[in-house]
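# Reading the structure
Chain by chain, the residues:
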Amino acid sequence: MIMWKDLFVQRKYATLKVTQKSDLAKDENVNAENIDVDMFTKCPSCGEILINMDLESNLKVCLKCNHHFRIGGNERIDITFDKGSIDYFDTNMKSLNPLKFPNYSEKLKSLSKSLGINEAVITGRAKIEGLDVCFGVMEPNFIMGSMGSVVGEKLSRMFERAIDMKLPVVVFCASGGARMQEGMLSLSQMAKVSAAVKKHSNAGLLYISVITDPTTGGVTASFASLGDIIIAEPKATIGFAGRRVIEQTIKQKLPLEFQTSEFMLEHGFIDMIVERNKMKETLHNILKIHLGVKGNE
Amino acid sequence: MNDIEIRIKEIDEKIKKIKDFMESSGIDLSGEIESLNLKKNELIKSLNPKSPWEIVQIARQKSRPNYEDYIDGIIDGFIEFHGDRNFRDDAAIVGGIGFIGKFPVTFISHAKGKNIEENVKRNFGSPHPEGYRKALRLMKQAEKFKRPVVCFIDTSGAYCGVGAEERGQGEAIARNLLEMSDLKTPIISVVIGEGGSGGALALGVADRVFMLENAIYSVISPEGCASILLKDAGRASEAANYLKLTSRDLLELKVIDGIIKEPSGGAHNDAALTAKNVKKVLIDTLNELTKISVYDLVEKRYEKIRSIGVFLE
Ligand SMILES: [Zn+2]
């Protein structure tokens with residue numbers, strides 16, 4: 001259960017900084033005094049230079065090649081759940097450094113400061129076009145979305161609350177796996193969340209796992225693979241072992257499509273691939289059929 | 001308890017008394033506590049003079065007893081079963097039925113093999129998904145026939161290869177975790193050598209988890225951790241310190257429930273005695289677990305799995 005750092009680094013995209021006034025500054029929404037923000041982004045897939053505002057309004061999907069950029073947890077929540085419908089769970093839970101692992105406490109502190117969140121998962125209850133769910137949304141930027149005690153505990157509590165409230169669960173996965181800095185406590189979270197998934201399942205409730213880029217290691221080997229329905233975004237990396245480790249083990253280069261959503265669909269491990277701009281609608285439609293509510297008629 | 005263990009216990013009691021006194025009196029005696037803690041740490045060190053890295057070497061030793069020695073020493077009338085009923089038989093996991101004392105059990109173990117031919121046949125104890133699926137099939141069979149399950153863990157990890165990914169290594173491990181959490185029969189797991197990451201955990205969701213004294217259990221190998229976090233695979237011995245992968249550390253972190261003693265120097269010095277020690281623990285634990293109703297057993301297992309983790313809120 002390794003967090004494959006290289007996996008995260010290799011896809012980092014270039015951002016071009018623009019500090020002088022530009023045409024955009026004429027837009028009344030943009031304050032000409034403050035234009036030292038990043039305005040353009042180069043697509044790592046096709047190389048197209050994209051205007052950030054266009055990219056944002058297209059849910060961070062490349063307008064030219066359909067590349068799905070990685071997005072943070074809060075962005076995901078904004079584009080998935082109904083405005084004003086969200087109740088967050090356990091927002092104050094924080095990681096400790098039970099192994100006294102060097103630099104871990106500092107890392108946690110600086111990340112929660114720079115990202116404004118405590119941990120690699122956000123959980124709560126919300127509506128998807130009016131239908132209630134409990135949710136977990138992983139934050140790929142927080143120590144590579146790795147799962148330590150807090151991620152395991154928050155997700156388990158969320159599943160347990162969903163049992164009490166008799167609600168379906170939707171989890172957006174994005175993780176490098178178990179968090180090394182918490183050692184076996186991290187590995188044990190795989191069992192913990194899987195046990196909670198089973199309890200939720202035993203209660204006859206629906207769990208939809210949505211796999212986004214990247215989902216690897218201990219998260220693939222636990223709740224990401226345990227949904228009643230498993231959906232993936234296009235071309236997300238999904239796998240157990242890291243690509244480089246496999247290449248080192250078998251001493252061969254692997255094809256590009258290895259361990260992608262498309263590869264997993266072909267091999268029978270996910271139900272469907274859904275583009276980001278269709279995700280909310282698709283989730284809603286599944287929930288509707290699941291609840292037997294045809295609606296709008 | 002030996003003398004040193006008794007002295008450690010006395011120090012713990014003393015520390016507790018001082019802490020209580022500090023609270024009631026408001027007098028700061030933290031210096032006293034610190035010096036007692038130092039003394040305690042020295043005693044612990046003298047009790048277990050091996051460094052984590054030395055223990056890693058013992059756990060991986062080729063001559064260390066493996067599944068075969070334990071089947072010989074523990075199980076009467078073992079009959080091996082094969083295959084996952086889907087794809088093939090994975091020899092990296094051995095499973096079957098037999099008696100431990102008076103108890104009929106289903107026994108499942110990682111199998112590394114002791115010589116190079118057997119290593120190759122058994123893929124050095126690194127299972128493919130079908131190995132985990134065979135294990136799960138045998139566990140469900142055990143549940144059906146109300147036999148306790150005993151799992152032995154001894155793997156550097158699940159296999160990292162193309163076929164393993166194509167056939168869903170992640171899904172196979174995940175499914176075992178999910179099903180084991182709810183299996184309606186007792187499960188006991190023992191880490192006998194190396195407990196490598198998810199590939200080990202897939203046989204490790206149990207009512208009781210034990211480790212042999214010099215076994216290791218870790219989220220990642222010390223080498224892997226060193227190369228990723230310390231940027232230098234050569235610093236594995238340092239990483240072994242950080243990862244808290246020894247039986248003592250993991251008992252303290254409440255990841256495991258007990259440690260099984262090894263003969264002095266390590267299990268390889270006396271395989272028969274080691275097997276005897278393991279057998280005693282298994283029989284005691286089977287006696288205890290088979291008295292609990294299945295409903296309570298599964299509830300307690302859930303609570304136990306659920307309680308692992310350290311956080312602040
Ligand atoms: Zn593009």
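You'll find chain B entered in an unreviewed UniProt entry as Acetyl-coenzyme A carboxylase carboxyl transferase subunit alpha, with Caloramator quimbayensis given as the organism. We quote the UniProt Subunit (unreviewed entry) comment for chain B here in full: "Acetyl-CoA carboxylase is a heterohexamer composed of biotin carboxyl carrier protein (AccB), biotin carboxylase (AccC) and two subunits each of ACCase subunit alpha (AccA) and ACCase subunit beta (AccD)." One UniProt comment on chain B, placed under Pathway (unreviewed entry), says "Lipid metabolism; malonyl-CoA biosynthesis; malonyl-CoA from acetyl-CoA: step 1/1."

Per an unreviewed UniProt entry, chain A goes by the name Acetyl-coenzyme A carboxylase carboxyl transferase subunit beta and belongs to Caloramator quimbayensis. The record in UniProt for chain A states the following under Catalytic activity (unreviewed entry): "N(6)-carboxybiotinyl-L-lysyl-[protein] + acetyl-CoA = N(6)-biotinyl-L-lysyl-[protein] + malonyl-CoA". As stated in UniProt under Subunit (unreviewed entry), the record for chain A gives "Acetyl-CoA carboxylase is a heterohexamer composed of biotin carboxyl carrier protein (AccB), biotin carboxylase (AccC) and two subunits each of ACCase subunit alpha (AccA) and ACCase subunit beta (AccD)."

## Side note on the coordination of the zinc ion
Angles between donor atoms at a metal ideally measure 109.5 degrees for a four-coordinate tetrahedral arrangement and either 90 or 180 degrees for a six-coordinate octahedral one. All names here are of chain A. Distances from the zinc ion to its protein donors, Cys43 (SG), Cys46 (SG), Cys62 (SG) and Cys65 (SG), fall at 2.2 to 2.3 Å. For the zinc ion, the four donor atoms are set out with angles of 107 to 112° between them, so the coordination reads as tetrahedral. Sequence positions of the donors to the zinc ion reduce to the motif C-x2-C-x15-C-x2-C. Of the two residues, cysteine 43 sits in the loop between β2 (38–42) and β3 (49–51) while cysteine 65 sits in the loop between α2 (52–57) and α3 (73–80), which places them 22 residues apart along the sequence.

## Here's the deal with the nonpolar core
Counting 133 residues, the largest nonpolar core has Phe223(A), Phe152(B) and Tyr217(B) as its most contacted members. Looking at this core, the element that brings in the most residues is helix α6 (residues 183–202) of chain A, giving nine residues. Residues within four places of Phe152(B) in sequence aside, it is in contact with Tyr70(B), Ile74(B), Phe107(B), Ile108(B), Ser109(B), His110(B), Val190(B), Ile192(B), Leu203(B), Val278(B) and Leu282(B). Core analysis: the second largest hydrophobic core is formed by 21 residues, Phe172(A), Ile229(A), Leu283(A) and Ile286(A) among them.

## A word on the packing of aromatic side chains
Under the criterion given, the structure shown has eight aromatic pairs over all chains. With a centroid separation of 5.0 Å and 90° between ring planes, the pair formed by Phe159(A) and Tyr207(A) is classed as edge-to-face. Here Phe159(A) is found in helix α5 (residues 149–164), whereas its partner Tyr207(A) is found in strand β9 (residues 207–215), with 48 residues between them in sequence. For Phe159(A), a relative accessible area of 0% translates into the label buried. Measuring from ring centre to ring centre gives 5.0 Å for Phe258(A) and Phe263(A), while their planes differ by 70°; the resulting arrangement is edge-to-face. The burial state of Phe258(A) is the same as that of Phe263(A); both residues are buried. Among the aromatic side chains, those forming a connected cluster through ring pairs are Tyr70(B), Phe78(B), Phe107(B) and Phe152(B). Looking at Lys199(A), its charged tip hangs above the ring of Tyr302(B), at a distance of 4.0 Å from the centre.

## Quick word on the packing of helix α6 (residues 129–144) of chain B against helix α8 (residues 169–180) of chain B
All names here are of chain B. Contact geometry of α6 with α8 gives a least axis separation of 8 Å together with a crossing angle of 20°. Here α8 runs roughly parallel to α6, going by the angle between their axes. In this structure, α6 crosses over α8, and the sense of that crossing is left-handed. Contacts between α6 and α8 involve Pro129, Tyr132, Arg133, Ala135, Leu136, Met139 and Lys140 from the first element and Gln169, Glu171, Ala172, Ile173, Arg175, Asn176, Glu179 and Met180 from the second.

## Looking at the pairing of strand β6 (residues 121–128) of chain A
All names here are of chain A. Burial within β6 is extensive, with six of its eight residues counted as buried. As defined by bridge partners, strand β4 (residues 87–89) adjoins β6 across three bridges and the pair is classed as antiparallel. By the bridge assignment, aspartate 87 is partnered in β6 with arginine 125. Where β6 folds back onto strand β7 (residues 131–138) in an antiparallel hairpin, the turn is made up of two residues, including glutamate 129, whose phi is positive at roughly 45°.

## A short note on the domain arrangement of chain B
You can read the domains of chain B as domain 1 (3–47) and domain 2 (52–306). When each unit is reduced to the centre of its C-alpha atoms, the spacing between domain 1 of chain B and domain 2 of chain B is 36 Å.

## Things to note about the interface of chain A and chain B
Listed by partner, the interface residues are 58 residues for chain A and 49 residues for chain B. Contact between chain A and chain B buries roughly 4,700 Å² in total, counting both sides, with carbon and sulfur atoms accounting for 72%. If you sort the residues of chain A by the area they bury against chain B, Met180(A), Met184(A) and Phe240(A) come out on top, with a joint share of 14%. Of the charged contacts in the structure, one is a salt bridge between Lys199(A) and Glu299(B), with a shortest N-O distance of 3.4 Å. Counting only elements with at least two residues in the side of chain A that touches chain B, the list comes to α5, α6 and α8 (243–250) of chain A. It is α6(A) that contributes the most residues to the side of chain A that touches chain B, 16 residues altogether.

## Considering the UniProt feature "zinc finger region: C4-type" (unreviewed entry) in chain A
UniProt tags residues 43–65 of chain A as "zinc finger region: C4-type" (unreviewed entry). With 26% helix and 13% strand, the stretch residues 43–65 of chain A has end C-alpha atoms that lie 9 Å from each other.

## Quick notes on the sheet that holds β6(A)
Sheet strands pair by backbone hydrogen bonding; their relative direction is either parallel or antiparallel. All names here are of chain A. Sheet architecture is open: seven strands sit in the order β4-β6-β7-β8-β9-β10-β11, paired in mixed fashion. The outermost strands of the open sheet, each flanked by one partner alone, are β4 and β11 (272–273). When strand β10 (residues 229–232) meets β11, the two strands line up parallel, connected through two bridges. Residue pairing for β11: isoleucine 231 is matched across the bridge by methionine 272.

## A look at helix α13 (residues 271–289) of chain B
Residue and element names in this part refer to chain B. For α13, spanning 19 residues, the distance from its first C-alpha to its last is 26 Å, which sits close to the expected 27 Å at 1.5 Å a residue. Looking at α13, one finds that the buried residues are Thr274, Ala275, Val278, Leu282, Thr285, Leu286 and Leu289. Axial view of α13: buried residues confined to an arc of 100°, hence all on one face. The outward face of α13, more than 90 degrees from its buried face, is lined by the exposed residues Ala272, Lys276 and Lys280.

## Some points on the packing of α5(A) against α6(A)
Angle between the axes and distance between the axes are the two parameters that describe a pair of packed helices. Residues and elements named next belong to chain A. Between α5 and α6, whose axes approach to 8 Å, the crossing angle comes to 10°. Overall, the two elements α5 and α6 adopt an arrangement that is roughly parallel. Where α5 abuts α6, its residues Ser149, Gly152, Glu153, Leu155, Ser156, Phe159, Ala162 and Ile163 lie against Leu185, Gln189, Lys192, Val193, Ala196, Val197, Lys199 and His200. Of the residues assigned to the contact of α5 with α6, the class counts are eight nonpolar, five polar and three charged.

## A word on the UniProt feature "binding site: Zn(2+)" (unreviewed entry) in chain A
All names here are of chain A. Under the local residue numbering, the UniProt record ascribes the feature "binding site: Zn(2+)" (unreviewed entry) to Cys43, Cys46, Cys62 and Cys65. The greatest C-alpha distance among the annotated residues, which extend across 23 residues, is 8.6 Å, indicating that they converge on a single site. In contact with cysteine 43, not counting residues within four places along its chain, are Glu48, Leu50, Cys62, Cys65, His67 and Phe69. Leaving out residues up to four positions away in the same chain, cysteine 65 has contacts with Cys43, Ser45 and Cys46.

How each quantity is defined
- Residues numbered from 1 in each chain as written.
- Chains lettered and ligands numbered in written order.
- Predicted model: local features only at pLDDT ≥ 70, side-chain atom pairs only at ≥ 80, totals over all residues.
- Heavy atoms only, no water.
- UniProt positions renumbered as here; feature names shortened; annotations may be inferred.
- Donors = N, O, S within 2.8 Å, 3.2 Å for Na, K, Ca; no water.
- Tetrahedral: all angles 85-135°; square planar, octahedral: opposite > 155°, others 65-115°.
- Helix = DSSP H or I, 4+ residues; strand = E, 2+ residues; numbered from the N terminus.
- Core = buried A, V, L, I, M, F, W, Y, C linked by side-chain atoms within 4.5 Å.
- Buried < 20%, exposed > 50% of the residue type's maximum accessible area, 1.4 Å probe, protein only.
- Contact = heavy atoms within 4.5 Å.
- Phe/Tyr/Trp six-rings, centres within 6.5 Å; stacked < 30°, edge-to-face > 60°.
- Lys NZ or Arg CZ within 6 Å of the ring centre and 35° of its normal.
- Axes fitted to C-alpha atoms, helices over the stretch in contact; angles between N-to-C directions.
- Parallel < 35°, antiparallel > 145°, perpendicular 65-115°, else oblique.
- Left-handed = near helix turned anticlockwise from the far one by under 90°.
- Pairing = 2+ DSSP bridges.
- Domains from an automatic or database assignment.
- Buried area = accessible area lost by both parts, 1.4 Å probe.
- Salt bridge = Lys/Arg side-chain N within 4 Å of Asp/Glu carboxyl O.
- Expected span 1.5 Å × (residues − 1).
- Arc of directions from axis to C-beta.
- Nonpolar A, V, L, I, M, F, W, Y, C, P; charged D, E, K, R; others polar.

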